[in-house]
Amino acid sequence: MQEPDREIESIEEFDQVVARGTLAGFRVQSVDLTGRTAALLSTDTSESVFLGCPMETEAAAKVRAGGALVFPPVPDLPFDPYRGTLYSPAELFEGLTEHSYVRTPDALAYAWFQRTKTDGDIFASMLRSIHDDAVSDALDEFLVGTRVVGVMGGHALERGSDGFAGAARLGRALARTGLTVATGGGPGAMEAANLGAYAAPHDDAVLDEALELLGKTPSFRPSIGAWAEAAFAVRARWPDGGASVGIPTWFYGHEPPNAFASHIAKYFANATREDGLLARSTAGVVFLPGAAGTVQEIFDNATPNYYESRGEPTPMVLVDRDHWTRRLPTWPLLEALAEGRSMKARIALVDSVDEAPEALLSMLG
C-alpha cells in the first residue's frame, strides 16, 4: 500500500486518515475541526502538527497533551497564513461588483500589507513569511509531474491590441502541446497568456470571440471591477477552460490578478515570487516585449543557466527581434554570455510570437 501524504488539507482527507487509526506525524493545514472533537479525543496525535485548525478547547488540550504542536488560527486577518491550497480567481475576487473591488479578499489583503509592511512588527512579517511558504508548498504539490513553461511580458499591454491577441495565441499553442503555462499572474501579457491556456480546450473561434468581448474593457484602469467582471463573463460563457498558473504579488497590489489562471500562487514577497516562477519553469521561458521588469527577468533566468546551478540549462525564447536588439539590446549580451557554454544551444530570438512555440519545442528535444 502506498504511503499516504503526510499533509492533510481538507476535512475529507482528515476523515480518511482517522479511519486508518492514527494522526501521528501528520500535518493538518487550515482544516476546521470543531466538528471532529470525538475523533481528536480518540486518535493518536503524537508528533503531529495542526496549522490554523479551529477546534474545541477540550480537543486542543488533548492533542497538545498527546504530543502535537498546535498553531492556532490568527483572528481578523484578511488571508489564511496556513492555507494548504492555491488560490482560485473566484476566491480572490469574492464579492466583486463592476463598481467595487475594494471589499474583495484580494484588495483586503493588499490593504493589510500596505498597513503592515513598514511598521517593523515581527508578528506581521512572520505571518507574511508563513503564508508565502505555505503557498510555495501548495504550488509545488500542484505542479508535480508537469512540465512548466513561463511566459513573461509587461502588465501594460491592453486588451484589444495586436500584442494582447498574440500573447493569447502563444498561451493557447503552448498549452496544446501539453505544457503548463505559468505567468506572473497579472494583467497585460500575463493575462493574455493565461487566457490562451484557458481557451486551449475549446475551438479556435472561442479565443477570437473572447478577445473581442474583452477588448471592450481594455485595461484595469480606471475600474478593476469592470475589468475583472469582463473576464468572469468570458469564463461563464465558456466554462471548463484549460488549467494554467498565475504567480502574482501583493507587492504590486495595485495590479490585480487575472481571472484566467485556474490556480493562483499569490505572494507578499516579490523576490520569492519572481525567483520561484523562473525556477519552476522547467520547460523554459518565453519573453515577450517588455521594459525594465522583463529585462531583469531575462537575466534572472540567464544566471542559473550560465552557471547550471539548477542543472541543465532550460530554453529561453525572446520574441521581437527589433525590440531586443535595438530598443532594449538585451539579446547581444545574452548571446555573449552564452558563448562557449551549454546554454548557447538553449537560447533563441524570433521575430514574431507565432514562431515562439516551435523555437521552444525544438530546444526541448
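Residues numbered from 1 in each chain as written. Predicted model: local features only at pLDDT ≥ 70, side-chain atom pairs only at ≥ 80, totals over all residues. Heavy atoms only, no water.

- The name an unreviewed UniProt entry assigns to the chain is LOG family protein, from the organism Streptomyces javensis.

## What about helix H5 (residues 105–116)?
Count 3.6 residues to each turn of an α-helix, and residues three or four apart come out pointing the same way.
Then comes step 1: In a regular helix each residue adds 1.5 Å, so twelve residues correspond to 16 Å; H5 covers 16 Å between its end C-alpha atoms and thus fits that length.
Then comes step 2: For H5, the set of buried residues is Asp106, Ala107, Ala109, Tyr110, Trp112, Phe113 and Thr116.
Then comes step 3: Contacts made by the buried residues of H5 are with helix H4 (89–92) and helix H6 (122–143). (Helix = DSSP H or I, 4+ residues; strand = E, 2+ residues; numbered from the N terminus. Expected span 1.5 Å × (residues − 1). Buried < 20%, exposed > 50% of the residue type's maximum accessible area, 1.4 Å probe, protein only. Contact = heavy atoms within 4.5 Å.)

## Some details on the packing of helix H9 (residues 204–214) against helix H10 (residues 224–237)
The description of two packed helices rests on the angle between their axes and on the distance between the axes.
Then comes step 1: Contact pair H9 / H10: the axes reach a minimum separation of 10 Å and the direction vectors enclose 155°. With respect to H10, the element H9 is oriented roughly antiparallel. The handedness of the crossing between H9 and H10 is right-handed. Within the contact between the two elements, H9 uses Glu209, Ala210, Leu213 and Leu214 and H10 uses Ala230, Ala231, Val234 and Arg237.
Then comes step 2: Class assignment for the residues of the contact of H9 with H10 results in six nonpolar, no polar and two charged. (Axes fitted to C-alpha atoms, helices over the stretch in contact; angles between N-to-C directions. Parallel < 35°, antiparallel > 145°, perpendicular 65-115°, else oblique. Left-handed = near helix turned anticlockwise from the far one by under 90°. Nonpolar A, V, L, I, M, F, W, Y, C, P; charged D, E, K, R; others polar.)

## Regarding the packing of aromatic side chains
Then comes step 1: The final tally for this structure, using the stated rule, is 13 aromatic pairs.
Then comes step 2: Taken together, a centroid distance of 5.6 Å and an interplanar angle of 80° make the contact between Phe93 and Phe232 edge-to-face. Of the two residues, Phe93 is situated in the loop between H4 and H5 and Phe232 in helix H10; the sequence distance between them amounts to 139 residues.
Then comes step 3: Residue Phe232 is classed as partly exposed on the basis of its relative accessible area, which comes to 22%.
Then comes step 4: Linked through ring pairs, Phe79, Tyr87, Trp112, Phe113, Trp250 and Phe268 together constitute an aromatic cluster.
Then comes step 5: Sitting over the ring of Phe26, Arg6 keeps its end group 4.0 Å from the ring centre.
Then comes step 6: Of note, Arg341 hangs over the ring of Tyr306, and the distance from its end group to the ring centre comes to 3.8 Å. (Phe/Tyr/Trp six-rings, centres within 6.5 Å; stacked < 30°, edge-to-face > 60°. Lys NZ or Arg CZ within 6 Å of the ring centre and 35° of its normal.)

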